[in-house]
Amino acid sequence: MKHNYGTVADFLRTHPDATLDMMTPGGFVLLTPELGAGLLAGGTVPAHPGCPGRELERTVEADELLCQTFAELTQDKKDPSRFYALTEWPMECSAAEEETQGLGLCQQM
């Protein structure tokens, strides 16, 4: 059963005091409440590919993260203000393509 948790922006607006530990298509991102608020204001956050070393860190823009959706979202059992997430790019299915090609083709936004 697939859950609809909304977008990262939706989550940050409804959980302003949460810490969100995310694995995104562009790397790992840890959003504290302060970083989440900054992201909603159009700021940037650091991300890394999961390997040690600051030389691999990159900066992620708000528009890259805020539109992503959750493939998985889990609340920490010991710390209810902490969440773990696997995010993905939002998919938009085109009904016109379905009709013309007979397939449910999806395009990355």
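The text that follows walks through the structure, step by step, so that each part is easy to find. In every chain, residue numbers begin from 1 and rise along the written sequence. Given that the model is predicted, a residue must reach a pLDDT of at least 70 before its local features are reported, and side-chain atom pairs must reach 80 or more before they are shown or counted; all residues, however, enter totals for whole chains, interfaces and linings. As a rule here, side-chain values come from all non-hydrogen atoms in the structure, and water together with hydrogens is ignored.

Some words on the nonpolar core
This is how it is decided: To form a nonpolar core, buried Ala, Val, Leu, Ile, Met, Phe, Trp, Tyr and Cys residues must be joined to one another through side-chain atoms within 4.5 Å. To sort residues, take the accessible area from a 1.4 Å probe on protein chains only and compare it with the maximum for the residue type: under 20% means buried, over 50% means exposed, and anything in between is partly exposed. A helix here means a DSSP run of H or I that spans at least four residues, while a strand means a run of E at least two residues long, and both kinds are numbered starting from the N terminus. Whether two residues are in contact is decided by their heavy atoms, any of which lying within 4.5 Å being enough.
Counting 20 residues, the largest nonpolar core has Phe11, Leu20, Met22, Leu31 and Leu39 as the members making the most contacts within it. Elements represented by at least two residues in this core include exactly helix H1 (8-14), strand S1 (19-24), strand S2 (27-31), strand S3 (44-47), helix H3 (62-65), strand S5 (69-75) and strand S6 (82-88). With 4 residues, H1 is the single largest residue contributor to this core. In contact with Met22, other than residues within four places in its own chain, are Val8, Gly27, Phe28, Val29, Leu31, Leu65, Ala85 and Thr87.

Observations regarding the pairing of S3
Rules: For two strands to pair, DSSP has to find at least two bridges joining them.
Side chains Val45 and Ala47 project from S3 onto a buried face, and the interleaved Thr44 and Pro46 project onto a face without burial. With 4 bridges connecting them, S3 and strand S4 (residues 58-61) associate as antiparallel partners. Of the residues in S4, the one forming a bridge with Pro46 is Thr59.

As for the side chain of Gln68
Selection rule: Counting of polar contacts relies on pairs of N or O atoms within 3.5 Å, with two restrictions inside protein: one atom must be capable of donating a hydrogen and the other of accepting it, and residues adjacent in sequence are counted only when both atoms are side-chain atoms.
Its location among the elements puts Gln68 in the loop between H3 and S5. The exposure class of Gln68 is buried, given its relative accessible area of 0%. Polar side-chain contacts of Gln68 include one of 2.6 Å to the side chain of Thr87. Aside from chain neighbours lying at most four places away, what touches Gln68 is Gly6, Thr7, Val8, Thr24, Pro25, Thr87, Glu88, Trp89 and Pro90.

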